[in-house]
Amino acid sequence: MSARNGREVPDTGEMVVVHRLFRQEYEASVAVIRAVAPGDTARSAVVAAHLAALNQMLTEHHLAEDELVWPRLVADPAVDKGLVARMEEQHERIADALGRLERALPDWGTAADPGPRDAVADACAALLPALDEHLGDEERHILPLVPDRFTAQEWARLSERGRAAVPKSHRLYMLAALGEAAGTDRRDEFLGRLPAPVRLLYRVAGPRLRRRTWSHLSGGRTEQRVAAA
């Protein structure tokens, strides 16, 4: 890791991959939700649990920023206060959309009725524009500010909180999904961040687990983007 002003430079590239994961999973989930047949409670329960795990991860991701990033930036006279205010307002809009999604999940997850299913799908679709706007703004305007204002250790606290927020039952799947989100342009960086045993586990089982779990979510339909992971 290189140094700037005598400090190790934070790894902001990891956050870009996490952002890709959120976009990837929520976008793909819309079609999966709508494809669940009425009364298919086995699949509705699986998909609902997947979305609940994503919601938990996204909520903690933003809470960590609220507590660790925005106060540091707003206290810096060189940072545009309006930029931070926009980030906070976007978090509020995303939280509102997540709340709508979370309220719709329990009824559909247990009963798989068409009305709740459509409510979940609509809420998931409504989340995407606000999420995409915020993540894009963060990558363009916030991440470039990080190296001069955070040490690598301070920035790593966000990653630690993000990992802790992943439910244990979803950790292997999310590891594989992160590998897909990394894409060919960030795959080597992604693998380089993993401890050696986890990297071996990913190479041996990650893509296969991704395909198998996604097939379970989607009722056996394997999408091209997953098959290529």
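Reading guide: rules and limits
Residues numbered from 1 in each chain as written. Predicted model: local features only at pLDDT ≥ 70, side-chain atom pairs only at ≥ 80, totals over all residues. Heavy atoms only, no water. Salt bridge = Lys/Arg side-chain N within 4 Å of Asp/Glu carboxyl O. Helix = DSSP H or I, 4+ residues; strand = E, 2+ residues; numbered from the N terminus. Buried < 20%, exposed > 50% of the residue type's maximum accessible area, 1.4 Å probe, protein only. Axes fitted to C-alpha atoms, helices over the stretch in contact; angles between N-to-C directions. Parallel < 35°, antiparallel > 145°, perpendicular 65-115°, else oblique. Left-handed = near helix turned anticlockwise from the far one by under 90°. Contact = heavy atoms within 4.5 Å. Lys, Arg positive; Asp, Glu negative; His and termini not counted. Expected span 1.5 Å × (residues − 1). Bend = angle between axes of the 7 residues up to and from the residue. 1 Å grid on protein atoms, 1.4 Å probe; cavity = no way out; pocket = protein on both sides within 12 Å on 5 of 7 lines; lining within 4 Å. Points joined across faces, edges and corners; volume = space filled by probe spheres on them. Nonpolar A, V, L, I, M, F, W, Y, C, P; charged D, E, K, R; others polar.

**Details of the pattern of salt bridges**
Within this structure, the stated rule accounts for 17 salt bridges. The shortest N-O distance in the salt bridge between arginine 72 and glutamate 154 comes to 3.3 Å. One end of the pair, arginine 72, is in helix α3 (residues 70-74); the other, glutamate 154, is in helix α6 (residues 152-164), with 82 residues separating them in the sequence. By relative accessible area, arginine 72 is classed as partly exposed at 35%.

**Here's the deal with the packing of helix α1 (residues 13-34) against helix α2 (residues 41-68)**
Interaxial distance between α1 and α2 falls to 11 Å at its minimum, and their mutual angle equals 150°. The orientation of α1 with respect to α2, classified from their angle, is roughly antiparallel. Both α1 and α2 take part in a crossing whose hand is left-handed. Between α1 and α2, the residues in contact are Met15, Val18, His19, Leu21, Phe22, Glu25, Tyr26, Ser29, Val32 and Ile33 and Arg43, Val47, His50, Leu51, Leu54, Asn55, Met57, Leu58, His61 and Glu65, respectively.

**Overview of the side chain of glutamate 65**
Within the element layout of this structure, glutamate 65 appears in helix α2. Comment: no salt bridge for buried glutamate 65; closest opposite-charge side chain is arginine 161, at 10 Å. Leave out the neighbours within four places in its chain, and glutamate 65 touches Met15, Trp70, Pro71, His91, His134, Glu138 and Leu158.

**Here's the deal with helix α7 (residues 171-193)**
For α7, spanning 23 residues, the distance from its first C-alpha to its last is only 16 Å, which falls clearly below the expected 33 Å at 1.5 Å a residue. Approximately 120° is the largest bend angle found in α7, and it occurs at glycine 183. Among the residues of α7, Tyr173, Met174, Leu175, Ala176, Ala177, Gly179, Glu180, Ala181, Ala182, Gly183, Phe190 and Leu191 are the ones counted as buried.

**Remarks on the layout of surface pockets**
One number sums up the size of the largest pocket: a volume of about 910 Å³. Looking at the lining of the largest pocket, the elements with two or more residues in it are α1, α2, α6, α7 and α8 (196-217). Of the residues that constitute the lining of the largest pocket, the class distribution is 24 nonpolar, 4 polar and 6 charged.

The values are spatial; any link to function lies outside them.
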